[in-house]
Amino acid sequence: QVQLVETGGGSVQAGGSLRLSCAASGYSYTRNCMGWFRQAPGTEREGVASIYIVDGTTYYADSVKGRFTISQDNAKNTVYLQMDSLKPEDTAMYYCAADSGNFCRWYPPRRADFNYWGQGTQVTVSS
């Protein structure tokens, strides 16, 4: 069983930065793939970024490339999402996800591939 706890959300003005954290528990092999997703009201949950814990392979949605960075701290069992140059369209609930598979080494994150989810943290960007 994997438990994920996200922190770091909040309100920021456009152009600002936030760093989200996802603290994970459970056996490490149960979370080879870690991802960040977001969902705004009335929209589908979309993949933002993912990281393959084993070798550090990362993927990003086109909308966040060059602005967001996903990273890991294995000693703390934590994955981060550094968000810079934030835009109002980044406003959403952000979710951390994990899975034991290795799919995130080969393609961008897809909601259906992840079995474990956190409760979410709200990010609001004002213009």
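All of these numbers come straight from a predicted model, not from anything done at the bench.

Engineer: Quick question: what am I supposed to make of the overall build of the protein here?
Structural biologist: Each helix and strand in the protein was counted, giving zero helices and eleven strands. Listing each helix as α and each strand as β along the protein from the N terminus yields β-β-β-β-β-β-β-β-β-β-β. The C-alpha radius of gyration computed for the protein amounts to 13 Å, which stays within 12% of the reference 14 Å derived for 127 residues, consistent with globular compactness. Summarising its shape, the C-alpha atoms of the protein cover approximately 40 × 25 × 25 Å along the three principal directions. In the protein, of all internal contacts separated by at least 6 residues, the share reaching a separation of at least 24 is 61%. Split by element, the accessible area of the protein, about 6,400 Å² in all, is 46% carbon and sulfur. The average position of the 11 basic charges and that of the 11 acidic charges among the side chains of the protein differ by 2 Å.

Engineer: Please clarify how the state of the cysteines should be interpreted in this entry.
Structural biologist: Joining two cysteines, a disulfide is a covalent bond between their sulfur atoms. With the rule as written, the count across this model stands at two disulfides. Each disulfide pairs two cysteine sulfurs, and for cysteine 33 the partner residue is cysteine 104, the sulfurs being separated by 2.0 Å. Its S-S torsion of approximately -100 degrees makes the covalent link between cysteine 33 and cysteine 104 left-handed. Placement of the pair is cysteine 33 in strand S4 (residues 33-39) and cysteine 104 in the loop between strand S9 (92-99) and strand S10 (116-117), with a sequence separation of 71 residues. With respect to class, cysteine 33 is no different from cysteine 104; both count as buried.

Engineer: Looking at this structure, how should I read the packing of aromatic side chains?
Structural biologist: The relation between two aromatic rings is expressed through the spacing of the ring centres and the mutual angle of the planes. A full pass over the atoms with the stated rule returns five aromatic pairs. On the basis of an interplanar angle of 80 degrees and a centroid distance of 5.3 Å, the ring pair of phenylalanine 37 and phenylalanine 114 is categorised as edge-to-face. You can see phenylalanine 37 sitting in strand S4 and its partner phenylalanine 114 sitting in the loop between S9 and S10, a full 77 residues away along the chain. Here phenylalanine 37 and phenylalanine 114 have matching classes, each one buried. Arranged with centres 5.1 Å apart and planes meeting at 85 degrees, the rings of phenylalanine 103 and phenylalanine 114 form a pair that is edge-to-face.

So, how was this worked out
Residues numbered from 1 in each chain as written. Predicted model: local features only at pLDDT ≥ 70, side-chain atom pairs only at ≥ 80, totals over all residues. Heavy atoms only, no water. Helix = DSSP H or I, 4+ residues; strand = E, 2+ residues; numbered from the N terminus. Rg over C-alpha atoms; globule rule 2.2 N^0.38 Å. Contact = heavy atoms within 4.5 Å. Areas by Shrake-Rupley, 256 points an atom, 1.4 Å probe, with all protein chains shown as cover. Lys, Arg positive; Asp, Glu negative; His and termini not counted. Charge placed at Lys NZ, Arg CZ, Asp CG, Glu CD. Disulfide = S-S within 2.5 Å. Buried < 20%, exposed > 50% of the residue type's maximum accessible area, 1.4 Å probe, protein only. Phe/Tyr/Trp six-rings, centres within 6.5 Å; stacked < 30°, edge-to-face > 60°.

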